[in-house]
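Structural description and commentary
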Amino acid sequence: MCGIAGYIGEINNPKEVLLKILKNLEYRGYDSAGVAYVQNSNVVYKKSVGELKNLVKLLKSEKAKKGGLGIGHTRWATHGKPSVKNAHPHNVGNVFIVHNGIIENYKEIQDFLEKKGYKFKTDTDTEKVAGLFDYFLKQTKDPFEAFKNTLKMLKGAYAIVAFTKEGDKIFASKLSSPLVLGVGEGEYFLASDALALSDFTKRVVYLQDGDILQIDKLGYKIDHINGNISDRKIENLNELMSKAEKEGFDSYMLKEIYEQPQSIQTSTAGRISKDLKPILGGLTEVEPELKSAKEIHFIAAGTSYNAALAVKHLFDELGLPVFVKLASEAKYDNEKIRENTVAFFISQSGETADTISALERYKKEGALTLGVVNTVASTIARETHAGVYNHAGPEISVASTKAFTSQLSVLFLIYSLFKKLKSTLSDKDKLLLKELLQIPKKLEDTLPSIDKQSLKVAQKIFKKKSMFTLARGELYPIAKEAALKIKEISYIHAEAYPAGELKHGPIALIEKGFPTLYFVGNNLYEKTISNIQEVKARDAQVFSVCFDNMKEIIKISDNIIKIPKLKTATSLIFYASALQLIAYHSAKLKKLNVDKPRNLAKSVTVE
Ligand code: F6R
């Protein structure tokens, strides 16, 4: 949540660099934005509400000159409504500051500073941090010491970038929120993620918790809050981190849906041998622990959680207890983490605060922690004992699509690895891998027709206020993902139910024309037909995503989306594409911003 940017150097002009980095970070929050930069001892300080383009307009009349320093921010509100007043940067006295995270003891700091005569104008926690920095600056006259003293008083999570009115140095630090330093030739950049810097440099330093960075035009030094000097190595951004563009699609979401044949191909490339066995280099070292695993836990949030739920049925075949936990709960439940627990942390961004917190707990309590992560070198990728990258490429749209299907693909491989280590791969297991290899081509061939059929369903639901998404057994997580996606980008209240459960209460909502969206597979087929008949008898509208040979379903549904018949769990990928396209078209028909739904942000870096 929130994107932060920084620049210092003589080569580029701060206004343009900051706006470019913020554009790359806008997926992290877009309810307001601002910059503060210094050129020839003048501070340019501008903030605006809404998307970044409003800030760009506001800065149009400011002449762009080379050289100087500055900071910028694109916000997802935590403390205080989106407004110009609450937008970052915040300025108190001599200090300008941007912040991502939550300062839990801001009230204490406010009380302390008010006693010293400080008056605050905003509802934010960040302004109080700016006040504290200014207070210590007055006491010590040494900006680095003042910054360090400030950090020592903070409780919570933060990535902070700041400068003082002297305007010759930038100070930065992080705790549980990401911050990356970009190292150019005679210039330095800061951003919440490395990809956002790729227009300027491929050489980055991932700052670690407690690092305190000071940069001037000659260079940078990194100390640590506990007094040591930190020696952080410069890493090269790899090819996978190349910039993502819309490439002719009307939105990143549609582009990413259509990228799925390719992203599934890269997720599985080199990971299935000719004789249909899984090869997962990232897990080779921990194979003995996987072999002796007594329990498997999956921990994730949102769509990544639904991916874990969707493969639970498969993992249950291993005969071990399998738990799927919401990250926001997993840190705090009372369940004992038993010996030989293997815990997977699934995350597109690798920066989700809830998932990171749960990871800390599992590590502390002795589990083997493994990442299934898309973003290279992100916090979860670095903090887990080992893991598997998704290699789905950058996902920019806030609604996760290609990351979901690539998570499913990687989880199929992980299941196969467990099976191989614990017993042997059955013919059915080999068929799973065989079908997985066929998915990219099959999906590429069928996406256009799934798209057309999804549009027809969307045309019938987009004006509705609420609906049910329904399925039985292993497809229920797909109904959950459909409800999540439809809610988050189409703003229709979609509620997921196991189809057999509707008659125990929720069926009371069914009346003429009430939309119901079913995902139908071979499992419990007859029973699903009966469940559909129950809502049909009450005049509900019925839409079904089903195999192209399911005649009865086709007959009793108002509209159907046909997907190719596959024999294994790989068919989940086709159901997923259909639900994504229904949500996409519904949002489009409502003329909503599909890439930036209201109140959301791509990376949720607060608990
Ligand atoms: C929904 C969506 C979110 C994320 C969730 C976890 O479309 O994108 O529900 O799935 O915030 O994010 P990651 O996977 O980055 O941990």
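The structure under discussion appears in the preceding block.
Since the model is a prediction, treat every value here as computed from it, not as a measurement.

Points about the overall build of the protein chain
- Along its length, the protein chain carries 18 helices and 24 strands.
- Expressed as lengths along the three principal axes of its C-alpha atoms, the size of the protein chain is roughly 80 × 55 × 45 Å.
- In the protein chain, which comprises 607 residues, the share counted as buried stands at 60%.
- Long-range contacts, defined as pairs at least 24 residues apart, comprise 71% of the intrachain contacts of the protein chain with a sequence gap of at least 6.
- Positive and negative side-chain charges of the protein chain, numbering 87 and 71 respectively, have mean locations separated by a distance of 4 Å.

Describing the sheet that holds strand E20 (residues 466-471)
- With respect to topology, five strands assemble into an open sheet ordered E21-E20-E22-E23-E24, the strand pairing being parallel. A single partner strand is all that each edge strand has here, and the edge strands are strand E21 (493-498) and strand E24 (559-563). Within this sheet the neighbouring strands show an average axis-to-axis angle of 20°, counted without direction.
- Of the strand pairs in this sheet, E20 and strand E22 (residues 515-519) are connected by four bridges, and their pairing is parallel. Across the sheet, Thr469 pairs through a bridge with Leu517, a residue of E22.
- Each of E20, E22, strand E23 (541-547) and E24 touches helix H14 (residues 427-461); the most contacted strand, E24, lies at about 155° to it.
- Where helix H15 (residues 476-490) meets the sheet, it contacts E20, E21 and E22, and its direction lies at approximately 175° from that of E21.

Brief notes about the nonpolar core
- In terms of nonpolar packing, the biggest core is built from 108 residues, with Leu283, Leu290, Phe298, Phe315, Ile414, Phe418 and Phe519 touching the most fellow members.
- Sort the elements by how many residues they give to this core and helix H18 (residues 572-589) lands first, with 12 residues.
- Those residues within four positions of Ile414 in sequence are excluded, and the remaining contacts are Leu280, Leu283, Phe315, Phe344, Val372 and Val388.
- In terms of nonpolar packing, the next biggest core, distinct from the first, is built from 26 residues, Leu18, Val44, Val180 and Tyr206 among them.

Considerations on unusual backbone geometry
- Note that the residue after His88, namely Pro89, is joined by a cis bond; omega there is -5°.
- Among the structural elements, Pro89 can be located in the loop between strand E4 (68-75) and strand E5 (90-92).
- Look at Leu276: it is not a glycine, yet its phi comes out positive at around 60°.
- Take Leu276: it is sitting in the loop between helix H7 (260-268) and helix H8 (287-291).
- Its relative accessible area of 17% is what places Leu276 among the buried residues.
- Positive phi, normally seen in glycine, also occurs at Tyr491, with a value near 55°.
- On the secondary structure map, Tyr491 appears in the loop between H15 and E21.
- With a relative accessible area of 25%, Tyr491 lands in the partly exposed category.

Notes on the pattern of salt bridges
- Taken as a whole and judged by the stated rule, the model has 31 salt bridges.
- Two residues, Lys441 and Asp445, come together in a salt bridge whose shortest N-O distance is 2.8 Å. Residue Lys441 and its partner Asp445 are both found in helix H14; the two are separated by four residues, about one turn of the helix.
- A relative accessible area of 56% places Lys441 in the exposed class.
- It is possible to trace a salt-bridge network through shared partners that takes in Lys23, Glu26, Glu51, Lys53 and Lys596.

A look at the site of the ligand
- Near the ligand you find 14 residues, and of these Ser304, Ser347, Ser349, Thr352 and Glu488 are the closest.
- In this structure, an oxygen atom belonging to the ligand sits 2.6 Å away from a side-chain N or O atom of Ser304.
- Here an oxygen atom of the ligand sits 2.4 Å away from a polar atom, N or O, in the side chain of Thr352.
- For the ligand, the protein covers 90% of the area, taking 410 Å² as the surface of the free molecule.
- When residues of the shell around the ligand are traced back to their parent elements, those giving at least two are helix H9 (302-316) and H15.
- Here the residues of the shell around the ligand are counted per class, giving four nonpolar, eight polar and two charged.

Overview of the pairing of strand E11 (residues 203-206)
- Two strands pair when backbone bridges link them, and strand E9 (residues 180-183) and E11 are joined in this way by three bridges, in the antiparallel orientation. Considered in E11, the bridge of Gly182 is made with Val204.
- Bridge count between E11 and strand E14 (residues 235-236): two bridges; the pairing is antiparallel. Paired with Arg203 across the strands is Asn236, a residue of E14.

Considering the pairing of strand E6 (residues 95-103)
- Most of E6 sits out of view: eight of its nine residues are buried.
- Linking E5 to E6, which pair antiparallel, is a turn of two residues; within it Gly93 sits at a positive phi near 60°.
- Taken together, the nine bridges between E6 and strand E7 (residues 156-164) define a ladder with antiparallel strand orientation. Bridged to Val98 within E7 is Val161.

Re the sheet that holds strand E15 (residues 295-300)
- Taking strand neighbours across the sheet as the criterion, the five strands line up as E16-E15-E17-E18-E19 in an open arrangement whose pairing is parallel. Edge positions in the sheet fall to strand E16 (322-326) and strand E19 (386-389), since each of these pairs with one other strand and no more. Pairwise comparison of adjacent strand axes, ignoring direction, gives a mean angle of 20° for this sheet.
- Relative to strand E17 (residues 341-347), helix H11 (residues 353-364) is tilted by about 165°, and along the sheet it contacts E15, E16, E17 and strand E18 (368-373).

Observations concerning helix H13 (residues 402-422)
- In this model, H13 (21 residues) spans 30 Å end to end at C-alpha, consistent with the 30 Å of a helix rising 1.5 Å per residue.
- With 19 of its 21 residues buried, H13 lies for the most part within the structure.

Some words on the packing of aromatic side chains
- All told, the structure shown has 22 aromatic pairs when counted by the stated rule.
- Relative to Phe344, the ring of Phe298 lies with its centre 5.5 Å away and its plane at 25°, an arrangement referred to as stacked. A residue pair is termed long-range when its members are at least 10 positions apart, and Phe298 in strand E15 and Phe344 in strand E17 qualify at 46 residues.
- With a relative accessible area of 0%, Phe298 lands in the buried category.
- Using a relative accessible area of 0% as the deciding quantity, one classes Phe344 as buried.
- In textbook terms, an aromatic cluster arises when at least three aromatic residues are bridged by ring pairs, as seen for Phe298, Phe315, Phe344, Tyr415 and Phe418.
- Above the plane of the ring of Phe144 lies Lys221, whose end atom (NZ or CZ) is 4.4 Å from the centre.
- The lysine or arginine in question, Lys596, covers the ring of Tyr30, its NZ or CZ lying 6.0 Å from the ring centre.

The rules behind each value
Residues numbered from 1 in each chain as written. Predicted model: local features only at pLDDT ≥ 70, side-chain atom pairs only at ≥ 80, totals over all residues. Heavy atoms only, no water. Helix = DSSP H or I, 4+ residues; strand = E, 2+ residues; numbered from the N terminus. Buried < 20%, exposed > 50% of the residue type's maximum accessible area, 1.4 Å probe, protein only. Contact = heavy atoms within 4.5 Å. Lys, Arg positive; Asp, Glu negative; His and termini not counted. Charge placed at Lys NZ, Arg CZ, Asp CG, Glu CD. Pairing = 2+ DSSP bridges. Axes fitted to C-alpha atoms, helices over the stretch in contact; angles between N-to-C directions. Core = buried A, V, L, I, M, F, W, Y, C linked by side-chain atoms within 4.5 Å. Salt bridge = Lys/Arg side-chain N within 4 Å of Asp/Glu carboxyl O. Near = heavy atom within 4 Å. Polar contact = N/O pair within 3.5 Å; in protein donor to acceptor, adjacent residues only side chain to side chain. Areas by Shrake-Rupley, 256 points an atom, 1.4 Å probe, with all protein chains shown as cover. Nonpolar A, V, L, I, M, F, W, Y, C, P; charged D, E, K, R; others polar. Expected span 1.5 Å × (residues − 1). Phe/Tyr/Trp six-rings, centres within 6.5 Å; stacked < 30°, edge-to-face > 60°. Lys NZ or Arg CZ within 6 Å of the ring centre and 35° of its normal.

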